[in-house]
Amino acid sequence: MQFYSVKERRIVEVPREQVRAHRYERITKSGKRQVCYALRAEFNGQRLTKFVDEATYLEYLSDDEEEQLWDEAFARSQDLLARMAEEAIREYRAGETQPLFKDDE
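Attention in this report is confined to the structure presented alongside it. Here the structure is a predicted model, which is why all the values come from computation and not from measurement. (Residues numbered from 1 in each chain as written. Predicted model: local features only at pLDDT ≥ 70, side-chain atom pairs only at ≥ 80, totals over all residues. Heavy atoms only, no water.)

1. Focus: the overall build of the protein
Helix and strand content of the protein: 2 helices and 5 strands. Going residue by residue from the N terminus, the α and β elements of the protein occur as β-β-β-β-β-α-α. Taken over the C-alpha trace, the protein has a radius of gyration of 23 Å; the compact-globule value for 105 residues is 13 Å, which it surpasses by more than 25%. Taken over the C-alpha atoms alone, the protein extends approximately 70 × 35 × 20 Å along its principal axes. Split into buried and exposed, the 105 residues of the protein put 20% on the buried side. Residue pairs in contact within the protein that sit at least 24 positions apart in sequence constitute 35% of those at least 6 positions apart. Accessible surface computed for the protein: about 9,000 Å², of which carbon and sulfur atoms make up 49%. (Helix = DSSP H or I, 4+ residues; strand = E, 2+ residues; numbered from the N terminus. Rg over C-alpha atoms; globule rule 2.2 N^0.38 Å. Buried < 20%, exposed > 50% of the residue type's maximum accessible area, 1.4 Å probe, protein only. Contact = heavy atoms within 4.5 Å. Areas by Shrake-Rupley, 256 points an atom, 1.4 Å probe, with all protein chains shown as cover.)

2. As for the environment of T49
Structurally, the position occupied by T49 is in strand β5 (residues 46-52). Here the alpha-carbon distance between T49 and H22, two residues 27 residues apart in the chain, equals 9.3 Å. In this structure, T49 is in contact with F3, Y24, A38, L39 and R40, ignoring residues within four places of it in sequence.

3. Considerations on the side chain of S5
Along the chain, the position of S5 falls in strand β1 (residues 2-5). A distance of 2.6 Å separates a polar atom in the side chain of S5 from a polar atom in the side chain of Q46. In this structure, S5 is in contact with R10, V12, Q46 and L48, ignoring residues within four places of it in sequence. (Polar contact = N/O pair within 3.5 Å; in protein donor to acceptor, adjacent residues only side chain to side chain.)

As structure tokens, then:
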């Protein structure tokens, strides 16, 4: 992976096994969650950072980090799924739903 070394004022090549994925999160003033993805490495005693898109970030995640990311995403989705299920049940009981298939009538 190529990084720009500010100290050396040139692009340096860092072996893939020395590159680690890192995610920065913050809450903006308006209350929204902002996520930035980066790759980090050390080269000749320098800490290098390169901001990347989410797809590149995911390529560099270790298996443990990737598993943890999926667990966090699944945990966050549970509240949403529960609210959607409750809404569907309310609509069904209020007679606001329609069968998807004729056999369901």
